[in-house]
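This is what each chain is made of:
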Amino acid sequence: MTTVHPAPGAPAATAGSSRHVVVAPGMCSGGSLVFGRIGDWTWEVVSESCRINVHAARTAAGDPAYLSFYYFHVRGGDVVHPHGLTFGDELRVDSRAFRFGTQSVITLHRLAPAGLDLPDGPLDPEEVYAHPHPDCLYAENFNRWIARTTAGSNRGLAQVTPPGFAHQDLPPLPNAHSPRSLVGRARATGSFHPDGPPGFHEDGPPRTFPYALDVVRDLNGAGLMYFASYFAVFDTVLLRLWRSLGRTDGEFLRRKVLDQKVGYFGNADPGTVFTVTVRRWIRDGAPGTEVADMALRDAASGRLIAVTAIETATGPGPTARPVTP
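Residues numbered from 1 in each chain as written. Predicted model: local features only at pLDDT ≥ 70, side-chain atom pairs only at ≥ 80, totals over all residues. Heavy atoms only, no water.

### Points about the overall build of the protein chain
For step 1, the next point in the chain: Helix and strand counts for the protein chain come out as 6 helices and 13 strands.
For step 2, the next point in the chain: Seen along its three principal axes, the alpha-carbon backbone of the protein chain occupies a region of about 55 × 50 × 35 Å.
For step 3, the next point in the chain: The burial tally for the protein chain puts 50% of its 325 residues in the buried class.
For step 4, the next point in the chain: In the protein chain, the 30 positive side-chain charges and the 31 negative ones have mean positions that sit 5 Å from each other. (Helix = DSSP H or I, 4+ residues; strand = E, 2+ residues; numbered from the N terminus. Buried < 20%, exposed > 50% of the residue type's maximum accessible area, 1.4 Å probe, protein only. Lys, Arg positive; Asp, Glu negative; His and termini not counted. Charge placed at Lys NZ, Arg CZ, Asp CG, Glu CD.)

### Considering the environment of I106
For step 1, the next point in the chain: For I106, the position within the fold is in strand β5 (residues 104-113).
For step 2, the next point in the chain: The class of I106 is buried, set by a relative accessible area of 0%.
For step 3, the next point in the chain: Each C-alpha atom, one on I106 and one on E140, is 7.0 Å from the other, the two residues being 34 residues apart in sequence.
For step 4, the next point in the chain: Aside from chain neighbours lying at most four places away, what touches I106 is R96, A97, F98, F100, Y129, E140, N141, F142, L173 and P179. (Contact = heavy atoms within 4.5 Å.)

### Re unusual backbone geometry
For step 1, the next point in the chain: With a phi close to 55 degrees, R51 is a non-glycine residue in the positive phi region.
For step 2, the next point in the chain: Tracing the sequence through the fold places R51 in the loop between α2 (33-49) and β3 (66-75).

### Concerning the nonpolar core
For step 1, the next point in the chain: The biggest cluster of nonpolar side chains holds 65 residues, and the ones touching the most others in it are F72 and L91.
For step 2, the next point in the chain: The element best represented in this core is helix α5 (residues 227-244), accounting for 11 residues.
For step 3, the next point in the chain: In this structure F72 touches F35, I38, A139, E140, N141, F227, F231, Q260, K261, V262 and Y264, once residues within four positions along its chain are discounted.
For step 4, the next point in the chain: Among the nonpolar cores identified, the runner-up in size contains 22 residues, and Y71, F98, L108 and A186 belong to it. (Core = buried A, V, L, I, M, F, W, Y, C linked by side-chain atoms within 4.5 Å.)

### Description of empty space enclosed by the protein
For step 1, the next point in the chain: For the structure on display, the rule yields 1 cavity of 30 Å³ or more.
For step 2, the next point in the chain: Of the voids in this model, the largest cavity is the one considered here, and its volume is about 50 Å³.
For step 3, the next point in the chain: Lining the largest cavity, in full, are L238, L241, W242, R280, E290, V291, A292, I310 and T312.
For step 4, the next point in the chain: For the lining of the largest cavity, the secondary structure elements donating two or more residues are α5, β12 (286-298) and β13 (304-313). (1 Å grid on protein atoms, 1.4 Å probe; cavity = no way out; pocket = protein on both sides within 12 Å on 5 of 7 lines; lining within 4 Å. Points joined across faces, edges and corners; volume = space filled by probe spheres on them.)

### Things to note about the side chain of D218
For step 1, the next point in the chain: Among the structural elements, D218 can be located in the loop between β9 (207-212) and α5.
For step 2, the next point in the chain: Judged by relative accessible area, D218 falls into the buried class, the value being 0%.
For step 3, the next point in the chain: Polar side-chain contacts of D218 include one of 2.8 Å to the side chain of Y211.
For step 4, the next point in the chain: D218 has contacts with Y211, A212, L213, L224, M225, Y226, S229 and V233, leaving out every residue within four places of it along the chain. (Polar contact = N/O pair within 3.5 Å; in protein donor to acceptor, adjacent residues only side chain to side chain.)

### Observations concerning α2
For step 1, the next point in the chain: With 17 residues, α2 ought to run about 24 Å at 1.5 Å a step, and its terminal C-alpha atoms sit 25 Å apart, in line with that.
For step 2, the next point in the chain: Counting buried positions along α2 gives 12 out of 17 residues, so the element sits mostly inside the fold.
For step 3, the next point in the chain: For α2, the set of buried residues is V34, F35, G36, I38, G39, W41, T42, W43, V45, V46, S47 and S49.
For step 4, the next point in the chain: Following α2 by one or two positions, R51 adopts a phi angle in the positive range, close to 55 degrees. (Expected span 1.5 Å × (residues − 1).)

### Here we look at the pairing of strand β10 (residues 256-264)
For step 1, the next point in the chain: Summarising burial for β10: 8 of the 9 residues are buried, a large majority.
For step 2, the next point in the chain: Alignment of β3 against β10, held across 5 bridges, turns out to be antiparallel. Opposite H73, over in β10, you have K261 as the bridge partner.
For step 3, the next point in the chain: Across 8 bridges, the pairing between β10 and β13 is antiparallel. In the strand pairing of β13, Y264 is matched with A306. (Pairing = 2+ DSSP bridges.)

Structure (structure tokens):
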């Protein structure tokens, strides 16, 4: 059950939303389901805040326009983290969209245990970026409007602004929190950590794994590679790496994602085969925490499609408190 409540007395563009969510089977797993749900909330918030039907947007020429994901950042909390949800957990989800140029928008989400004492009013970027509540999961979505340039092809997608995209009344995201430089460097270098994350040491040489686009799982109803399937592709490769290290599937399912960034730099057509190169680092003095940095490329052309960095707690540590007592 999801109920959206704009902040009392505020216009939709500035109010954000708060909803009560009961976790259902379609939202929780050891894979990408939760990221798909967060993405759905982003489309709902942008639709409401920018007075446009995101699901049916069109270019000025009448062609379909899509609010694509360019950057997806998730930080897990002590209680709510990406793969720690189960049936019946109750959450308070607060969301808010921000102006980020004429063709883009940033949407922030906070997933909190229901009943947690939180500040009143719309979600504050300072909380998300500088003072996160330790129990909550935070998500940052950077979305850009795109359209196909060739019918039936997912290559050469163009940036567009559909008529009616009323972004002018959105509050601006403070420049200090802009992800443009971070994502731009990741695109240029093929990595969020080209020199390695500070305080970590690399464990072994890079590994490369093949992956063939799965038309059953990886494409959405518009025929594009689905934004949440990128998470699934990276997790599939991470599982292969873990198995090669002698780890069990049970250990993989019990992993705790502390932080994950995904940069989306291309799409792909059916029949595409990818290579995924993985570099792995272990935190100095804390072998239970590690980072996997991956680059997804078209195997035929070498074209960069996406990158991710996943910080994971793998060793014994404090037991997470349940979301619902």
